[in-house]
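Residues per chain, in single letters:
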Amino acid sequence: MCAPSNRKSCLADWTSVTTELLLGGRIYTPTSTTATAIAVENGVISWIGEDRAARALHPDARVTDLDGAFVAPAFVDTHVHLTATGLALTGPDLSGGPEAVRAALAATPGETVIARGWDDTTWEGPLRRTDLDENRVVYAARVDEHSAQASTALRALVPGLEGLAGFSPDGPLTAAAHHAVRAAALAALSNAQITTAQTAALDAAAAAGIAAVHECGGPDIAGERDFTLLGALDHGVRVRRYWGEAARDADHARALIYRTGADGLAGDLFVDGSLGSRTALLRAPYADAPSNGVAYLDQETVTAHVLACTRARIQAGFHAIGDAAVARVVAAFAAAVDAFGGPRVASCGHRVEHAEMVTPDEAAKLGDWGVNASMQPQFDALWGGPDGMYARRLGPERAAALNDFALLAKNAVPLAFSSDSPVTPLDPWATLRAAVQHHTPGSAISPRAAFAAATRGAWRAGGVRDGVAGTLVPGAPATFAVWDADELVVRAPSDAVQRWSTDPRAGVAPLPDLAPGARLPRCLRTVVDGRTVFAA
């Protein structure tokens, strides 16, 4: 699709076109603030400029009238769970409280129900086992996906469940008990159901202007069958698959890559859990519970994994949210730097997921070592602020330091933004708005920096370091999205002095307005390597 007022003519078969010339748009490119035209030749951007020159230089090209639409590099989401996302798109909504949960599940057919979205911080008390139908296999995940309620029938499928860490006879399950019931519920799905869910999630990504996603799988998430099925799936949206299993040494790391076909041993390799479920690992106890959270991996295991992957030149990474968990990860990278040197560590492009509680000293080290921070700005939008879940779990002072994008950016930590879908929606512009409108003064970054983290930075976090991926310049892959967008502006972070202009003489390429209340862009077309994967 190319423009709101000229849609039918844009739904032709693009695959037969050698050169497509898109005219009359607003092109987001570092080469010009006034570009209105872009030429695509055999899947590569061949030219960017203004309409008159475009027509003269490409007289035989097929012309698409953008009718003022905004064209920008397509997004990359660096942390998703595709099967869970697909099931969430079609499953019951559990966000309305225990009574609404019972009604939603009663209206859902089937012997097995996998649902998600309940949030005990928005109603009185957690979801109880007795709130679920005891005779059906029901897995009901909390909104953060780090704890879940399981029906009596589902619990009966897990021998020895009562002896696992995180077990509760009637309350939500966490830690090993949660992983066990999730595995049992997913085992009840057929291959066809899993593939259908994965396809639905990738279709939704394409419709959101997302060209590539990073699947964060592992033995404690959706399992190897799910991971293998995704690897065999053919879809226009590119998928990079990470397997979250700790390697003992370099040979073991290589064997894991060979067995799973993974692109890296990173993603959701859990050092800890989440703040909402009180399983994030903290140095000091939670403000609302006498606990420091849960440690899934000890320091020795974390360090061994980084050393193994660095030796084997495999991208490593971890899920780390709490400050004690982040400290373990930073200590492991420090050990690798001592063993192999900073350049060798940086060349691997290691990453840490979430990285919500990072000190200034840790940020400086991560920046020096080129460790990518894959972060989720919508977490702050949902749970930040003086009255949010973070403040209830940690107290206002500790909560205010979470997700400090500005701190990481100042220390040259490579940022990559994501949704952690289905935890937050596949909505890149909402992600950017959250990064720009951070609850804590001084923690926000500019729209331009946020956009880079969701495009160029996200490609880099996935190992693409060609210097052009995530930009619209001649010679770059023709991977872009076309948007129905309102007026474009140049704006500073929300907590800085406002500097904005619609005048191209400002010298900075403008972006859609991300201020509160401004209408976010709507995707009209998504193109990956010259191939249209979504048309509105």
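Residues numbered from 1 in each chain as written. Predicted model: local features only at pLDDT ≥ 70, side-chain atom pairs only at ≥ 80, totals over all residues. Heavy atoms only, no water.

- An unreviewed UniProt entry annotates the protein as Amidohydrolase 3 domain-containing protein of Tsukamurella tyrosinosolvens.

1. Things to note about the packing of aromatic side chains
And step 1. Under the counting rule described, the total for this entry stands at 12 aromatic pairs.
And step 2. Each ring, one from Phe75 and one from Trp483, has its centre 6.0 Å from the other, and the planes form 70°; the classification is edge-to-face. Taken together, the residues span a long stretch of sequence, with Phe75 in strand β7 (residues 75-80) and Trp483 in strand β17 (residues 480-484) at a distance of 408 residues.
And step 3. Taking the relative accessible area as the measure of exposure, Phe75 reaches 1% and is therefore buried. (Phe/Tyr/Trp six-rings, centres within 6.5 Å; stacked < 30°, edge-to-face > 60°. Helix = DSSP H or I, 4+ residues; strand = E, 2+ residues; numbered from the N terminus. Buried < 20%, exposed > 50% of the residue type's maximum accessible area, 1.4 Å probe, protein only.)

2. As for the nonpolar core
And step 1. Phe70, Phe417 and Trp429 are the most contacted members of the largest nonpolar core, which has 73 residues in total.
And step 2. The greatest single-element share of this core, amounting to nine residues, is contributed by helix α10 (residues 323-340).
And step 3. Mapping this core onto the domain boundaries places at least three of its residues in each of domain 1 (19-77 + 473-535) and domain 3 (247-462).
And step 4. If near-sequence neighbours (up to four positions away) are discounted, Phe70 is found in contact with Arg26, Tyr28, Trp429, Ala481, Val482, Trp483, Ala485, Leu488, Pro510, Leu511 and Pro512.
And step 5. Formed by 22 residues, the second largest nonpolar core is a distinct cluster that contains Val137, Tyr139, Ala153 and Ala185. (Core = buried A, V, L, I, M, F, W, Y, C linked by side-chain atoms within 4.5 Å. Domains from an automatic or database assignment. Contact = heavy atoms within 4.5 Å.)

3. Observations concerning the domain arrangement of the protein
And step 1. Each domain of the protein was delimited in the assignment, giving domain 1 (19-77 + 473-535), domain 2 (80-188) and domain 3 (247-462).
And step 2. Computed over C-alpha atoms only, the centres of domain 2 and domain 3 are separated by 26 Å.
And step 3. The contact between domain 2 and domain 3 buries some 1,500 Å² in all, and 59% of this surface belongs to carbon and sulfur atoms.
And step 4. Looking at the side of domain 2 facing domain 3, the largest losses of area belong to His81, Thr121 and His146, adding up to 34% of the total buried there. (Buried area = accessible area lost by both parts, 1.4 Å probe.)

4. Details of the layout of surface pockets
And step 1. Volume-wise, the largest pocket comes out at about 480 Å³.
And step 2. Along its surface, the largest pocket is lined by 25 residues, and Arg116, Gly117, Val143, Pro422 and Val423 are the ones closest to its centre.
And step 3. Secondary structure elements with two or more residues in the lining of the largest pocket: α2 (82-90), β8 (112-118), α13 (377-383) and α14 (389-394).
And step 4. The greatest single-element share of the lining of the largest pocket, amounting to three residues, is contributed by α2.
And step 5. Residues belonging to the lining of the largest pocket are distributed by class as follows: 12 nonpolar, eight polar and five charged.
And step 6. When residues are assigned to domains, the lining of the largest pocket turns out to be shared by domain 2 (80-188) and domain 3 (247-462), each giving three or more. (1 Å grid on protein atoms, 1.4 Å probe; cavity = no way out; pocket = protein on both sides within 12 Å on 5 of 7 lines; lining within 4 Å. Points joined across faces, edges and corners; volume = space filled by probe spheres on them. Nonpolar A, V, L, I, M, F, W, Y, C, P; charged D, E, K, R; others polar.)

5. A few points about a positive patch on the surface
And step 1. Where like charges cluster on the molecular surface, the positive patch consists of Arg448, Arg456, Arg460 and Arg465.
And step 2. By relative accessible area, Arg456 is classed as partly exposed at 42%. (Patch = residues over 30% accessible without salt bridge, like charges linked within 9 Å, V, L, I, M, F, W, Y side chains within 5 Å. Areas by Shrake-Rupley, 256 points an atom, 1.4 Å probe, with all protein chains shown as cover. Salt bridge = Lys/Arg side-chain N within 4 Å of Asp/Glu carboxyl O. Lys, Arg positive; Asp, Glu negative; His and termini not counted. Charge placed at Lys NZ, Arg CZ, Asp CG, Glu CD.)

6. Focus: α10
And step 1. Look at α10: 26 Å from first C-alpha to last across 18 residues, which is about the 26 Å you get at 1.5 Å a residue.
And step 2. Next to the buried residues of α10 lie α9 (299-312), β13 (317-320), α11 (342-348), β14 (351-354) and α12 (360-368).
And step 3. Once α10 finishes, Gly341 follows within two positions and takes phi at roughly 95°, a positive value. (Expected span 1.5 Å × (residues − 1).)

7. Some details on the sheet that holds β8
And step 1. Read from one edge to the other, the open sheet built from three strands follows the order β8-β9-β10, with strand pairing classed as mixed. Only two strands of the sheet have a single partner each, and these edge strands are β8 and β10 (148-150). Adjacent strand axes in the sheet meet at a mean angle of 15° when their direction is disregarded.
And step 2. Relative to strand β9 (residues 137-142), β8 runs parallel, the two sharing six bridges. (Pairing = 2+ DSSP bridges. Axes fitted to C-alpha atoms, helices over the stretch in contact; angles between N-to-C directions.)

8. Looking at empty space enclosed by the protein
And step 1. Under the defined criterion, the tally for this structure stands at four cavities of 30 Å³ or more.
And step 2. Roughly 240 Å³ of internal volume is contained in the largest cavity.
And step 3. As for the largest cavity, its lining consists of 25 residues, of which His81, Ala84, Glu145, Arg182 and Ile221 are closest to the centre.
And step 4. Of all the elements in the fold, those that place two or more residues in the lining of the largest cavity are α2, β8 and α5 (175-187).
And step 5. Looking at the lining of the largest cavity element by element, the count peaks at four residues for α2.
And step 6. In terms of residue class, the lining of the largest cavity is built from 11 nonpolar, six polar and eight charged.

9. Here's the deal with the packing of α2 against helix α6 (residues 191-207)
And step 1. Interhelical geometry of α2 versus α6 gives an angle of 85° and a closest axis separation of 7 Å. Between α2 and α6, the interaxial angle falls into the category roughly perpendicular. Between α2 and α6, the residues in contact are Leu82, Thr83, Thr85, Gly86, Leu87 and Leu89 and Ile194, Ala197, Gln198, Ala200, Ala201, Leu202 and Ala204, respectively.
And step 2. In terms of residue class, the contact of α2 with α6 is built from nine nonpolar, four polar and no charged. (Parallel < 35°, antiparallel > 145°, perpendicular 65-115°, else oblique.)

10. Topic: the sheet that holds strand β11 (residues 210-217)
And step 1. The parallel open sheet is built from three strands, whose spatial order is β7-β11-β12. Either end of the sheet is taken by a strand with one partner, and the two such strands are β7 and β12 (238-243). Neighbouring strand axes in the sheet, compared pairwise and without regard to direction, differ in orientation by 15° on average.
And step 2. The pairing of β7 with β11 spans four bridges and is classified as parallel. Bridge assignment links Asp77 to a residue of β11, and that residue is Val213.

11. A word on the side chain of Gln149
And step 1. Tracing the chain through its elements places Gln149 in strand β10.
And step 2. Here Gly171 takes part through its backbone oxygen, which lies 3.3 Å from a polar atom of the side chain of Gln149.
And step 3. In contact with Gln149, not counting residues within four places along its chain, are Trp118, Leu127, Arg128, Arg129, Leu132, Val138, Tyr139, Ala140, Arg155, Asp170, Gly171 and Pro172. (Polar contact = N/O pair within 3.5 Å; in protein donor to acceptor, adjacent residues only side chain to side chain.)

12. As for α9
An α-helix turns once per 3.6 residues; consequently, residues spaced three or four apart project the same way.
And step 1. Here α9 contains 14 residues, and its C-alpha end-to-end distance of 20 Å stays within 8% of the 20 Å for a straight helix at 1.5 Å per residue.
And step 2. Considering only its buried residues, α9 is in contact with α8 (250-260), β13, α10 and α11.
And step 3. Just downstream of α9 lies Arg313, where phi reads positive at about 60°.

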